[in-house]
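Report on the structure
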Amino acid sequence: MTEKYKVLFLTERSPRHQQAALASAPPELAVVMLRQPPRAEILHHLPDAEFLITERAHIIDAELIRAGKKLRLIQRLGSLTFDIDVTAAKQAQIPVCYWPLRGCILVAEHMVMQMLALVKRLPEVSAIANAAADWGRP
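I will try to describe carefully the structure that is included in this document. (Residues numbered from 1 in each chain as written. Predicted model: local features only at pLDDT ≥ 70, side-chain atom pairs only at ≥ 80, totals over all residues. Heavy atoms only, no water.)

1. Some points on the environment of A40
- Following the sequence through the fold, A40 ends up in helix α2 (residues 39–45).
- Note on A40: relative accessible area 58%, which makes it exposed.
- On a C-alpha basis, the gap between A40 and A133 in space is 56 Å, while along the polypeptide they are 93 residues apart. (Helix = DSSP H or I, 4+ residues; strand = E, 2+ residues; numbered from the N terminus. Buried < 20%, exposed > 50% of the residue type's maximum accessible area, 1.4 Å probe, protein only.)

2. Quick notes on the nonpolar core
- In terms of nonpolar packing, the biggest core is built from 17 residues, with L8, L46, L52, I60 and I74 touching the most fellow members.
- Within the residue set of this core, elements represented by two or more residues are β1 (5–11), α3 (62–67) and α4 (86–91).
- If you tally residues by element for this core, the top one is α3, at 3 residues.
- Here L52 is in contact with L8, L10, L46, I60, L71, L73, I74 and Q75, once residues within four sequence places are set aside.
- Listed in part, the 6 residues of the second largest apolar core include F9, A21, I53 and L77. (Core = buried A, V, L, I, M, F, W, Y, C linked by side-chain atoms within 4.5 Å. Contact = heavy atoms within 4.5 Å.)

3. As for the packing of aromatic side chains
- Using the criterion set out here, one finds 1 aromatic pair in the structure.
- Ring plane angle 75° and centroid distance 6.0 Å describe the contact between Y5 and F51, whose orientation is recorded as edge-to-face. Here F51 lies in strand β3 (residues 51–54) and Y5 lies in strand β1, a separation of 46 residues in the sequence. (Phe/Tyr/Trp six-rings, centres within 6.5 Å; stacked < 30°, edge-to-face > 60°.)

4. A look at the pattern of salt bridges
- Scanning the entire structure with this criterion turns up 6 salt bridges.
- One salt bridge connects R72 with E50, and the closest N-O pair in it is separated by 3.1 Å. Taken together, the residues R72 in the loop between α3 and β4 (73–77) and E50 in the loop between α2 and β3 connect sequence positions 22 residues apart.
- Look at R72 and you get partly exposed, because its relative accessible area is 44%.
- What you see here is one network of salt bridges that share partners, running through R39, D61 and E63. (Salt bridge = Lys/Arg side-chain N within 4 Å of Asp/Glu carboxyl O.)

5. A few points about the pairing of β3
- Direction of pairing for β1 relative to β3: parallel, over a ladder of 4 bridges. Counted as the bridge partner of L8 is L52 from β3.
- In this sheet, β4 lies alongside β3 in parallel orientation, the contact comprising 4 bridges. Considered in β4, the bridge of L52 is made with I74.
- In terms of handedness, the path from β3 via α3 over to β4 forms a crossover that is right-handed. (Pairing = 2+ DSSP bridges. Right-handed = clockwise from strand over helix to strand, strands pointing away.)

So, in structure tokens, the structure goes:
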């Protein structure tokens, strides 16, 4: 068996969703998944990690990047990287990648479409709601 790549995954996911993510991980990865870890725990795990996967709730600053002496990649799940010190990562020659979550984008676009459709018909919808006069109170 070949040596596994060490991955540190910082997440906000529930235990059920963590298990789903771990089950879909390739067998070549040895994933340590931490939910809402304190900074000290992140610093403890980073020196051995080759890959760091993070979601938006985690600030990846220069100190954390320096602690990841073996880091080869920082992967952000989502499209925002403003809380990752990209300059420090570049100086350490660690690529920073982001992965927009297509499902979230599609849902947001659908909601905007629904709001626009509602605004277009707002007078009609207001008239129907006011005519019903059912506000859930006696």
